[in-house]
2 protein chains.
Amino acid sequence: MSVYVHGVGMTKFGKFPETSLKDMLLQASVEAIKDAQKPKIDAVFVGNFMGGSTSNQEILGSILANELGLGHIPATKVEGACASGGMALRQGILGILSGEYETVLVTGVEKMKHVSTVEITEAINAAMDNGSNEKYAGLTFPGFFGVLANRYFYETGASKKHLAKVALKNRNNAVNNPLSQFTTPTTIEEIMNARMITEPLGLFDCSPTTDGAAAVVISRKKSAIKFLASAQASGPTQMQEAADLLSLPAVKESRKKAYEKAGISPKDVDVIEIHDCFSMTEIISSEELGFFQKGEGYKALDNGDTLPTGKFLINTSGGLLSKGHPIGATGVSQIYQIVSQLRGAAPNQVDSDRIGLAQNLGGTGSYSTVHILERL
Amino acid sequence: MSVYVHGVGMTKFGKFPETSLKDMLLQASVEAIKDAQKPKIDAVFVGNFMGGSTSNQEILGSILANELGLGHIPATKVEGACASGGMALRQGILGILSGEYETVLVTGVEKMKHVSTVEITEAINAAMDNGSNEKYAGLTFPGFFGVLANRYFYETGASKKHLAKVALKNRNNAVNNPLSQFTTPTTIEEIMNARMITEPLGLFDCSPTTDGAAAVVISRKKSAIKFLASAQASGPTQMQEAADLLSLPAVKESRKKAYEKAGISPKDVDVIEIHDCFSMTEIISSEELGFFQKGEGYKALDNGDTLPTGKFLINTSGGLLSKGHPIGATGVSQIYQIVSQLRGAAPNQVDSDRIGLAQNLGGTGSYSTVHILERL
């Protein structure tokens, strides 16, 4: 049995104080259902991370089913930190493959901009492992990926300028995406000189907090866009347990399974969304996904391989860095961009794309999902 | 393809200030894996509701996979308020039915006793719908089920004494269950005269807050205990949307699907765990599950039908009321009791039981799961 995409929907990403978590959840879902020509929905899955701690709102699955009048269908929320969206999608796919459901709505959503920096930092840190000393010693997500960047520089000869080129590329892509959080052009100088967040990561190297939602309707009924693979893996939950600081085993394992299922290799992929929570993460994950040799991903920034004109087109949406990163929505919004590309109507549309890949990361490498889609 | 139970594990339920959320998660899981003879685990699912808001700990899926050294397997947390455990189990079953996994570990966990009454009430209220006036008008879960009880009395002629008999039955059962939170015997007088929580529900009519975890290993490999059905449904998220205050449509719908799949009727069920978050809920759900006619469930308390000596043996574990209610663990702990009964080694063991049913409720009727198990 195969699973196909029938419709997608997405809110604008940004800061929306007047729009509730529930409003965004419904808005993206309704758009996806309309785009899919209003099929009968047999189950809903919601990806969300911090609704309970920052909006005092759980039960998003039943709220979605109930508000849209979908009947007494099974409704489920999935949490996997920043991979909540990709994991909700995978549960929807497994539900169809199990034979229990024909058509499923998967919606990712997060509301983050209404709480203070201290509160949001605390909420995000729930994606680290309390059993570790790291969190209590003050390690945060920028801190973790900053350490990785320093180590990467030390091992490979890369520099802050390579990180800046990731940020610039993704901002340039975001400028053409009307749903992006950031649409103001920038320059390499502005990025290099921006306020330092955690050495060597500056403001532009870090994804923002964001309000937003994205949705996809999938079905075992045939359509023009098919899933070639859905894969998920987990990895260490603490930095001290990493065998190699420059490896994200969850990304590598989910990639292996996905290519094996799809029967393709990295060179077959035409358009790619990578979870660039930090500029450094895009480079390391582009290696773990097999697009570049280990320790050589940064060279692509010098030779333009990952630009919309290159051979591995990474984050044509603008990525988490500039499209924005509403945690639970991110994995589903990657599918929105890939589907838009395969349909030929995306921001930064590329020619002759037939196969797209989306990779969604959770925690400091705790989770990764990889989904591969093909235009038939 | 069928799904079988290979092992179960459960911590003692109660108040354990020295034991972390993670400790409990691991303890129940290790016990279930040992009970299953240590099979290769292909994926884990965790049911949890308030880890993010009261323990600042999410990513429980990858923590479980990682701490137990299960490798880079897919790991997923499922949230559905008090039905989180039953829903995690269902996702595990769907994962096996999809063909992706052979053997899956499902663990439910909650830590609740370490926070203040105000904090826990706020955390629990995330299982109500923010879009409603009810929550802001001060409605709580005891308030909701108290209204139902008053309406039930008005419509049927039942009285507080019937509720007390539910509480007494479940306490008497819990006294024989060494894993229960409450093992002190009580009397009908003590229950009737206990501190009022919300008219007409007294202290013994309300399930407690609890620390605890429960786990189950399921597989497509054959064993002596098989799932006849897994069903899930959703219902209204607000009292004002209920067409009939004395109906829980999610329970009714999940029951219909479950009996249909299992090819059995209520009279075929030998042992039953019902989600008795309040004494009133056990009575209404016993009707919705088809064991009694609508409006007549209370009569079973007068004639002893739901006692371990009756014909519909409900909550031989002690139920949520006296075994305890660690929210995310409850649905899985129901399976622990049913499996123990079918194996012939349960607290309040009943003779000749072959088919067991577990029903897990979330929110004010937002979710329900029904699982039916058979001893082969």
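So, how was this worked out
Residues numbered from 1 in each chain as written. Chains lettered and ligands numbered in written order. Predicted model: local features only at pLDDT ≥ 70, side-chain atom pairs only at ≥ 80, totals over all residues. Helix = DSSP H or I, 4+ residues; strand = E, 2+ residues; numbered from the N terminus. Rg over C-alpha atoms; globule rule 2.2 N^0.38 Å. Buried ≥ 20, exposed ≤ 12 C-beta atoms within 10 Å, placed from the backbone. Contact = placed C-beta atoms within 7 Å. Nonpolar A, V, L, I, M, F, W, Y, C, P; charged D, E, K, R; others polar. Pairing = 2+ DSSP bridges. Core = buried A, V, L, I, M, F, W, Y, C linked by C-beta atoms within 7 Å. Least-squares fit on C-alpha atoms with pLDDT ≥ 70 in both. Axes fitted to C-alpha atoms, helices over the stretch in contact; angles between N-to-C directions. Parallel < 35°, antiparallel > 145°, perpendicular 65-115°, else oblique. pLDDT = per-residue confidence, 0-100.

Engineer: What am I meant to see in the overall build of chain A here?
Structural biologist: Across its full length, chain A carries 14 helices and 12 strands. A compact globule built from 376 residues would reach a C-alpha radius of gyration of about 21 Å, and chain A, at 19 Å, matches this within 12%. Dimensions of chain A, computed from C-alpha atoms along their principal axes, come out at roughly 55 × 45 × 40 Å. Expressed as a percentage of its 376 residues, the buried residues of chain A come to 64%.

Engineer: Even after reading the chapter, I still don't get the interface of chain A and chain B, so can you show me in this structure?
Structural biologist: Interface size is commonly expressed as the accessible area that is lost once the parts come together. Opposite the 52 residues of chain A that make contact, chain B presents 52 residues. The set of elements that each furnish at least two residues to the side of chain A that touches chain B consists of helix H2 (51-55), helix H3 (60-67), strand S3 (75-79), helix H4 (84-97), helix H5 (117-125), strand S8 (225-234) and helix H10 (249-262) of chain A. Looking at the side of chain A that touches chain B, its residues break down into 20 nonpolar, 24 polar and 8 charged. Bridge count between S3(A) and strand S3 (residues 75-79) of chain B: 3 bridges; the pairing is antiparallel. When the sheet's bridge partners are listed, Val78(A) is paired in S3(B) with Val78(B).

Engineer: Mind showing me how you'd approach the nonpolar core here?
Structural biologist: Looking at soluble globular proteins, one finds that nonpolar side chains tend to be buried together. With 236 residues, the main nonpolar core has Val216(A), Val44(B) and Val216(B) as its most contacted residues. Among residues more than four places away in sequence, those in contact with Val216(B) are Val5(B), Val8(B), Ala32(B), Leu89(B), Val106(B), Val332(B) and Ile335(B).

Engineer: How should the relation of the copies chain A and chain B be read in this particular structure?
Structural biologist: One copy of the chain maps onto the second through a rotation about an axis and a displacement along it. At an RMSD of 0.0 Å, chain A and chain B line up after a rotation of 180° and a shift of 0.0 Å along the axis. On this basis, the relationship between the two copies can be described by a two-fold rotation axis. The C-alpha atom lying nearest the rotation axis in chain A is that of Ser98(A); the distance is 1.8 Å. A shared interface surface links the copies, since 100% of the contact residues of chain A are contact residues in chain B too.

Engineer: For this particular structure, what's the right way to read the pairing of strand S7 (residues 212-219) of chain B?
Structural biologist: Residue and element names in this part refer to chain B. Here S7 lies mainly inside the structure; 8 of its 8 residues are buried. Judged by which residues are buried, S7 turns out to be covered on both faces: Gly-212, Ala-214, Val-216 and Ile-218 on one side and Ala-213, Ala-215, Val-217 and Ser-219 on the other are all buried. Alignment of strand S1 (residues 4-10) against S7, held across 6 bridges, turns out to be antiparallel. Directly across from Met-10, in S7, lies its bridge partner Ala-214. Two strands pair when backbone bridges link them, and strand S4 (residues 103-110) and S7 are joined in this way by 8 bridges, in the antiparallel orientation. Paired with Glu-110 across the bridge in S7 is Gly-212.

Engineer: Would you explain the packing of helix H4 (residues 84-97) of chain B against helix H14 (residues 327-343) of chain B in this entry?
Structural biologist: Relative orientation and spacing of two packed helices are given, respectively, by the angle between their axes and the distance between those axes. Residue and element names in this part refer to chain B. Two elements in contact, H4 and H14, have axes whose closest approach is 5 Å; the angle formed by their N-to-C orientations is 60°. On the basis of their axis angle, the class for H4 and H14 is oblique. Across the interface between the two elements, Ser-84, Gly-85, Gly-86 and Leu-89 from H4 touch Ile-327, Gly-328, Ala-329, Thr-330, Gly-331, Val-332 and Ile-335 from H14.

Engineer: Whenever I open this one, the pairing of S8(A) confuses me. Can you help?
Structural biologist: Every regular strand shows the same layout, with side chains that alternate between the two sheet faces. Residues and elements named next belong to chain A. Across the 10 residues of S8, 8 count as buried, placing the element largely inside the fold. As paired elements, strand S1 (residues 4-10) and S8 share 2 bridges and run antiparallel to each other. Bridging across to S8, Tyr-4 finds its partner in Lys-226. Bridge count between S8 and strand S12 (residues 367-375): 9 bridges; the pairing is antiparallel. Residue Gln-232 lies in a different strand from S12, and its bridge partner there is Thr-369.

Engineer: Is there a simple way to explain the environment of Glu100(A) in this structure?
Structural biologist: Mapped onto the elements of the fold, Glu100(A) is located in the loop between H4 and strand S4 (103-110). Between the C-alpha atom of Glu100(A) and that of Tyr298(A), which follows or precedes it by 198 residues, the distance is 44 Å. Residues within four places of Glu100(A) in sequence aside, it is in contact with Gly95(A) and Leu94(B).

Engineer: How should the packing of helix H8 (residues 160-175) of chain B against helix H11 (residues 279-288) of chain B be read in this particular structure?
Structural biologist: Residue and element names in this part refer to chain B. Running from N to C, H8 and H11 cross one another at 95°; their axes reach a closest spacing of 8 Å. With respect to their mutual orientation, H8 and H11 come out roughly perpendicular. Across the interface between the two elements, His-162, Leu-163, Val-166 and Ala-167 of H8 pack against Ser-279, Met-280, Glu-282 and Ile-283 of H11.

Engineer: How should unusual backbone geometry be read in this particular structure?
Structural biologist: Comment: phi is negative for the bulk of residues other than glycine, and the bulk of peptide bonds are trans. Residue Glu199(A) is joined to Pro200(A) through a cis peptide bond whose omega torsion reads 0°. By the secondary structure assignment, Pro200(A) is in the loop between strand S5 (196-198) and strand S6 (201-202). In this structure, Asn315(B) takes a positive phi of about 60° despite not being glycine. Looking at Asn315(B), the number of C-beta atoms within 10 Å reads 28, which means it is buried.

Engineer: I tried to follow the environment of Asn133(B) on my own but got confused; where do I start?
Structural biologist: All names here are of chain B. Within the fold, Asn-133 resides in helix H6 (residues 133-136). Asn-133 sits in the exposed class, given 9 other C-beta atoms within 10 Å. As for Asn-133 and Ser-333, which are separated by 200 residues in sequence, their C-alpha atoms are 34 Å apart.

Engineer: Would you take a moment to explain the confidence of the model for chain A for this structure?
Structural biologist: Note that predicted coordinates carrying low pLDDT should not be read in detail. Chain-level pLDDT for chain A is 96 on average; 100% of the residues reach the 70-or-more range. Two numbers describe this predicted complex: its pTM, 0.98, and its ipTM, 0.97.

Engineer: Can you walk me through the environment of His72(A) in this structure?
Structural biologist: Structurally, His72(A) is set in the loop between H3 and S3. Take His72(A): there are 22 C-beta atoms within 10 Å of it, and that puts it in the buried class. The spacing of His72(A) and Met10(A) is 62 residues in sequence and 25 Å in space, taken between C-alpha atoms. Not counting the four nearest positions on each side in its chain, His72(A) is found in contact with Ala233(B), Ser234(B), Gly235(B), Pro249(B), Ala250(B) and Glu253(B).

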